[in-house]
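This is what each chain is made of:
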Amino acid sequence: MIKPDAVRAGNIGNILRMINAAGFRIAAMKLTQMSLERAGQFYAVHQERPFYGELCAFMSSGPIVAAILEKENAVDDFRKLIGATNPANAEEGTIRKLYATSVGENAVHGSDSDENAAIEGAFHFGGVEMY
Ligand code: DAT
Ligand code: MG
């Protein structure tokens with residue numbers, strides 16, 4: 001996902017250009033907005049964390065770009081492309097270093113495993129929207 005902060009800042013094109021340049025194939029993509037309830041479901045794994053309420057409020061605060069990306073070693077390579085959760089710790093040239101403003105408003109989401117990528121893809125897209 002390209003998160004609401006990056007969409008608001010006009011960085012959809014910049015981020016997609018980096019994703020393309022890194023060799024990912026876009027298998028599904030759309031502009032959409034999660035309700036507070038849907039954001040809560042998406043991040044349910046974090047529900048005991050102190051930032052959960054803030055995270056769900058932020059993620060439902062405006063439109064996002066949801067996408068399914070394909071590549072060999074996609075999960076690890078995408079995490080490298082986006083950089084550390086906190087942009088203060090992200091490497092130079094990563095999406096979060098360039099476009100995130102804080103640990104909470106960090107421009108992009110990436111799945112943390114192939115299994116979760118499949119779950120998260122199905123959260124946003126029906127079968128006829130995947131190519
Ligand atoms: P990532 O998005 O790098 O996988 P995560 O899964 O640990 O990071 O956390 C999910 C999101 O929750 C993260 O992108 C932003 C938010 N978050 C994480 N740690 C936070 C913190 N200490 N304060 C505020 N928001 C935080
Ligand atoms: Mg995560």
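Residues numbered from 1 in each chain as written. Chains lettered and ligands numbered in written order. Predicted model: local features only at pLDDT ≥ 70, side-chain atom pairs only at ≥ 80, totals over all residues. Heavy atoms only, no water.

J.: What should I look at first to understand the nonpolar core in this one?
T.: General note: in soluble globular proteins, nonpolar side chains tend to be found buried as a group. Within the largest apolar cluster, 18 residues are counted, with the highest numbers of intra-cluster contacts made by I2, I15, I19, L81 and I95. When contributions to this core are tallied by element, the ones reaching two or more residues are α1 (4–8), α2 (12–21), α5 (74–82) and α6 (95–99). Not counting the four nearest positions on each side in its chain, I19 is found in contact with F24, L69, F78, L81 and I95. In terms of nonpolar packing, the next biggest core, distinct from the first, is built from 17 residues, A39, L55, M59 and I64 among them. (Core = buried A, V, L, I, M, F, W, Y, C linked by side-chain atoms within 4.5 Å. Buried < 20%, exposed > 50% of the residue type's maximum accessible area, 1.4 Å probe, protein only. Helix = DSSP H or I, 4+ residues; strand = E, 2+ residues; numbered from the N terminus. Contact = heavy atoms within 4.5 Å.)

J.: Just checking my understanding: could you explain the pattern of salt bridges for this structure?
T.: Pairing between side chains of opposite charge can happen when their charged atoms approach one another. In this structure the tally under the stated criterion is five salt bridges. Its salt-bridge partner being E70, residue R25 comes within 2.9 Å of it at the nearest N-O pair. On the criterion of sequence distance, the pair formed by R25 in strand β1 (residues 25–32) and E70 in strand β2 (residues 64–70) is long-range, its members being 45 residues apart. Using a relative accessible area of 40% as the deciding quantity, one classes R25 as partly exposed. Residue E70 is classed as partly exposed on the basis of its relative accessible area, which comes to 38%. Close ionic contact of K30 with E129 constitutes a salt bridge, the shortest N to O distance being 3.6 Å. With K30 in strand β1 and E129 in the segment after α7 (114–124), the pair connects residues that are 99 residues apart, well separated along the chain. For E129, a relative accessible area of 33% puts it in the partly exposed group. (Salt bridge = Lys/Arg side-chain N within 4 Å of Asp/Glu carboxyl O.)

J.: Please explain α7 as it appears in this structure.
T.: Because the α-helix completes a turn every 3.6 residues, residues three or four places apart line up on one side. Looking only at α7, the buried set comprises E120, G121, F123 and H124. When α7 is viewed along its axis, its buried side chains cluster within an angular range of 155 degrees and face the same direction. Residues of α7 that are exposed and point more than 90 degrees away from the buried face comprise D114, E115, A118, I119 and A122. Of the surrounding elements, those touching the buried residues of α7 are β1, α3 (36–42) and β2. (Arc of directions from axis to C-beta.)

J.: Honestly, the site of ligand 1 in this entry has me stumped. Any pointers?
T.: Taken together, the neighbourhood of ligand 1 is formed by K3, H46, F51, L55, R79, T85, R96, V103, G104 and N106. Taking H46, its side chain carries an N or O atom lying 3.1 Å from an oxygen atom of ligand 1. Between ligand 1 and the protein, one listed contact pairs an oxygen atom with a side-chain N or O atom of T85 at 2.5 Å. For ligand 1, whose free accessible area comes to 520 Å², the fraction covered by protein is 77%. In a pocket analysis with a 2 Å cut-off to the grid points, ligand 1 is assigned to the largest pocket. In the shell around ligand 1, the residues fall into three nonpolar, four polar and three charged. (Near = heavy atom within 4 Å. Polar contact = N/O pair within 3.5 Å; in protein donor to acceptor, adjacent residues only side chain to side chain. Areas by Shrake-Rupley, 256 points an atom, 1.4 Å probe, with all protein chains shown as cover. 1 Å grid on protein atoms, 1.4 Å probe; cavity = no way out; pocket = protein on both sides within 12 Å on 5 of 7 lines; lining within 4 Å. Sits in = over half its atoms within 2 Å of the grid points. Nonpolar A, V, L, I, M, F, W, Y, C, P; charged D, E, K, R; others polar.)

J.: So what exactly am I meant to see when it comes to the packing of aromatic side chains here?
T.: Between two aromatic rings, the relevant description is the distance of the centres plus the angle of the planes. Under the counting rule described, the total for this entry stands at three aromatic pairs. Centre to centre, the rings of F42 and Y43 are 5.0 Å apart; their planes meet at 70 degrees, and the pair counts as edge-to-face. Each member of the pair F42 and Y43 is classed as buried. Consider the rings of F42 and F123, whose centres lie 5.3 Å apart with planes at 75 degrees: the pair is edge-to-face. Residue F42 is located in helix α3, and its partner F123 is located in helix α7; the two are separated by 81 residues in the primary sequence. Like F42, the residue F123 is buried in the burial classification. (Phe/Tyr/Trp six-rings, centres within 6.5 Å; stacked < 30°, edge-to-face > 60°.)

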